[in-house]
Amino acid sequence: MRRMWTILIAVGLGVSGSMVTSQSAAPQAGQQGRGQGAGRGGGVAIEPGQECPPGMTETRPGRCSAPEFPAPSIVDYRPRSTLVTAEHKVPKAKFPAVDVHGHSAGAFATAESLAAFIAKLDEINVGVFISADNMSGDRLAQAAELVRSSPYRDRVRFFTGIPLQGVGPGWAETAVARLEADVKAGARGVGEVGKGFGLTARKADGTRLAVDEPLLDPFWAACARLGIPAFIHTAEPQEFFSDLDMHNERWLELALFPDRRNYGPGKVTFEQLMTERNNLFRRNPKTTFIAAHFGWHANDLGRAAKLLDEFPNVYLELGAVLYDLGRQPRAAHDFFVKYQDRILFGKDSFQPDEYPYYWRVFETEDEYFDYYRDYHAFWKMYGMGLPDNVLRKVYYQNAMKIIPGMPRGRP
Ligand SMILES: [Zn+2]
């Protein structure tokens, strides 16, 4: 008890007379912020370029204050927007879309599961679903046959995979033979080559399998010869390679999912992966590549433009980067108009409820609306208002152009 009094007196001595008065009028403030509330002339001073101490925010230039009440965590804080603005929900795409980044392998088990799956595609107006699940051999042949003998033969196409195990001398012959057989069985592309390619995959000798590994070149050359695109996911969002500190804009996601943390000693860097990927594109100019997730450059459209300008054999797929496009709708609009022949729609994870967010960002000029996963984006979305001719290309025409064996006309 005596000790407590000593502390209170010390606090009282440390502040001006008026401060003592306000403290006695609001005892809670004295406990929480020790008289550093924004409205009392308290707080701490910082120099230009300095940050406020933890728990404080810059309420006036050069002055930091603590809130009177304990701040909620970013997990709990869900402010309700009072903005009243036009809302145009878009449950179905304006034109039938080709989803080049499809994951729904379970849909191709039986005629019933296929029919149920197609009904879901109809609800959101996905005309053609590219199964990018690396199916190969018997599994691929069975799934392709199931679709071919169904009433939905024009609604699904399959990509096969690249066998990344045991890459070493002699690997290419086996891999190319498998690719040729899979193309005969109905494969129309390769992919999705997963992010493990570059991050975790190892060669037969135990070293990391680099994205630009020359032993793989015969496989990429075979893709060109067979006229099929290779759909490759390289790296992860840039922030996944940055330290998990209070400045990381993906803090919550990284704190939720340990396997997305790519920072730390001994880990391959984002820039290293970008360099290897670009080497791959450069060394195989006759192979058509689809860079998944906008090559992770949707947060830097200047860099995305440079990539497309440098490599005419490369297309960008836009799955899971909507949060970057929808936070810069004007720049994204101009980019889509300029590169309208080089962008493909893809969704990645098959959640029918999430597609309408994409349609709304691309087709409307709505403002300040929610994204579908709050751990991806702490910010709101804005519509890009793309013209019909661009929508048609991004939704299906570009996919029809670079993927062989697509249904004729509009999907
Ligand atoms: Zn994927």
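The structure under discussion appears in the preceding block.
Residues numbered from 1 in each chain as written. Predicted model: local features only at pLDDT ≥ 70, side-chain atom pairs only at ≥ 80, totals over all residues. Heavy atoms only, no water.

1. As for the nonpolar core
In step 1: Membership of the largest hydrophobic core comes to 116 residues, with the highest contact counts inside it found for Phe108, Phe294, Phe336 and Phe362.
In step 2: Per element, the largest residue contribution to this core is 8 residues, and it comes from helix 15 (residues 388-402).
In step 3: Excluding its chain neighbours within four sequence positions, the residues that come into contact with Phe362 are Leu318, Leu322, Leu325, Phe336, Phe345, Met384, Gly385, Leu386, Leu391 and Tyr395.
In step 4: In terms of nonpolar packing, the next biggest core, distinct from the first, is built from 5 residues, Cys52, Met56, Cys64 and Ala66 among them. (Core = buried A, V, L, I, M, F, W, Y, C linked by side-chain atoms within 4.5 Å. Buried < 20%, exposed > 50% of the residue type's maximum accessible area, 1.4 Å probe, protein only. Helix = DSSP H or I, 4+ residues; strand = E, 2+ residues; numbered from the N terminus. Contact = heavy atoms within 4.5 Å.)

2. Brief notes about the pairing of strand 10 (residues 314-317)
In step 1: Burial along strand 10 is two-sided: the residues Val314 and Leu316 and Tyr315 and Glu317 are all buried.
In step 2: Here strand 9 (residues 289-291) pairs with strand 10 via 3 bridges, running parallel. Looking at strand 10, one finds that Phe289 is bridged to Val314.
In step 3: Handedness of the β-α-β unit built from strand 9, helix 11 (residues 301-310) and strand 10 comes out right-handed. (Pairing = 2+ DSSP bridges. Right-handed = clockwise from strand over helix to strand, strands pointing away.)

3. Some points on the sheet that holds strand 2 (residues 57-60)
In step 1: With respect to topology, 3 strands assemble into an open sheet ordered 1-3-2, the strand pairing being antiparallel. Unpaired on one side and paired on the other, strand 1 (44-45) and strand 2 mark the two borders of the sheet.
In step 2: When strand 1 meets strand 3 (residues 63-65), the two strands line up antiparallel, connected through 2 bridges. By the bridge assignment, Ala45 is partnered in strand 3 with Arg63.

4. Considerations on the pattern of salt bridges
In step 1: On inspection of all chains with the given rule, the structure shows 21 salt bridges.
In step 2: Two residues, Arg225 and Glu180, come together in a salt bridge whose shortest N-O distance is 3.0 Å. Of this pair, Arg225 sits in helix 8 (residues 217-226) while Glu180 sits in helix 6 (residues 171-184), and the two are 45 residues apart along the sequence.
In step 3: On the basis of relative accessibility, which here comes to 55%, the residue Arg225 falls in the exposed class.
In step 4: Between Arg373 and Glu354 there is a salt bridge; the shortest N-O distance is 3.2 Å. Here Arg373, found in the loop between helix 14 (355-363) and helix 15, pairs with Glu354, found in the loop between strand 12 (348-349) and helix 14; they are 19 residues apart in sequence, far enough to count as distant.
In step 5: What emerges from the salt-bridge pattern is a single network uniting Glu249, Asp324 and Arg327. (Salt bridge = Lys/Arg side-chain N within 4 Å of Asp/Glu carboxyl O.)

5. A look at helix 6
In step 1: With 14 residues, helix 6 should reach 20 Å at 1.5 Å per residue; the first-to-last C-alpha distance of 20 Å fits that figure.
In step 2: If you check which residues of helix 6 are buried, you get Trp171, Ala172, Ala175, Val176, Leu179, Asp182 and Val183. The buried residues of helix 6 all sit within an arc of 125° when viewed along its axis, so they share a single face. Exposed and facing more than 90 degrees away from the buried side of helix 6 are Glu173, Thr174 and Lys184.
In step 3: Structurally, helix 6 contributes buried residues whose contacts are with helix 5 (137-148), strand 6 (156-160), strand 7 (187-193) and helix 8.
In step 4: Phi turns positive, to about 125°, at Gly186, one or two residues after helix 6. (Expected span 1.5 Å × (residues − 1). Arc of directions from axis to C-beta.)

6. Regarding the coordination of the zinc ion
In step 1: Distances from the zinc ion to its protein donors, His101 (NE2), His103 (NE2), Glu192 (OE) and Asp348 (OD), fall within 1.9 to 2.7 Å.
In step 2: Around the zinc ion, the 4 donor atoms sit at angles spanning 83 to 171°, and that spread fits a shape best called irregular.
In step 3: In terms of primary sequence, the donors binding the zinc ion are separated according to H-x1-H-x88-E-x155-D. Of the two residues, His101 is situated in strand 4 (residues 97-103) and Glu192 in strand 7; the sequence distance between them amounts to 91 residues. Pair check on accessibility: His101 and Glu192 agree, each one buried. (Donors = N, O, S within 2.8 Å, 3.2 Å for Na, K, Ca; no water. Tetrahedral: all angles 85-135°; square planar, octahedral: opposite > 155°, others 65-115°.)

7. Some points on unusual backbone geometry
In step 1: Residue Glu192 is bonded to the preceding Gly191 through a cis peptide linkage, with omega at -5°.
In step 2: In this structure, Asn134 takes a positive phi of about 60° despite not being glycine.
In step 3: With respect to the secondary-structure elements, Asn134 resides in the loop between strand 5 (126-131) and helix 5.
In step 4: Judged by its relative accessible area of 31%, Asn134 falls in the partly exposed class.
In step 5: Of note in the backbone geometry, Phe294 takes a positive phi value of approximately 60° without being a glycine.
In step 6: Counting through the fold element by element, Phe294 comes out in the loop between strand 9 and helix 11.

8. A word on the state of the cysteines
In step 1: Per the stated rule, a full pass over the model turns up 1 disulfide.
In step 2: Between the sulfur atoms of Cys52 and its disulfide mate Cys64 the distance is 2.1 Å. Judged by the sign of its S-S torsion, about -85°, the bond between Cys52 and Cys64 is left-handed. Note that Cys52 is positioned in the loop between strand 1 and strand 2 and Cys64 in strand 3, a separation of 12 residues in sequence. (Disulfide = S-S within 2.5 Å.)

9. As for the packing of aromatic side chains
In step 1: For the coordinates displayed, the defined rule picks out 32 aromatic pairs.
In step 2: Ring geometry for Tyr323 and Trp379: centres 6.4 Å apart, planes at 65°, overall edge-to-face. With Tyr323 in helix 12 (residues 322-325) and Trp379 in the loop between helix 14 and helix 15, this residue pair connects regions lying 56 residues apart in the sequence.
In step 3: One residue, Arg327, lies across the ring of Trp379, its end atom 3.9 Å from the ring centre.
In step 4: Here the basic side chain of Arg360 rests over the ring of Phe369, its NZ or CZ set 3.9 Å away from the ring centre. (Phe/Tyr/Trp six-rings, centres within 6.5 Å; stacked < 30°, edge-to-face > 60°. Lys NZ or Arg CZ within 6 Å of the ring centre and 35° of its normal.)

10. Quick word on the environment of Arg360
In step 1: By secondary structure assignment, the location of Arg360 is in helix 14.
In step 2: The exposure class of Arg360 is buried, given its relative accessible area of 8%.
In step 3: Taking the C-alpha atoms as reference, Arg360 lies 10.0 Å from Lys94; in sequence the two are 266 residues apart.
In step 4: Contact partners of Arg360, with chain neighbours within four places excluded, come to Ala86, Glu87, His88, Lys89, Val90, Asp366, Phe369 and Gly383.
In step 5: A polar atom in the side chain of Arg360 sits 2.8 Å from the side chain of Asp366. (Polar contact = N/O pair within 3.5 Å; in protein donor to acceptor, adjacent residues only side chain to side chain.)

Interpretation note: all reported values are geometric properties and have no functional meaning in isolation.
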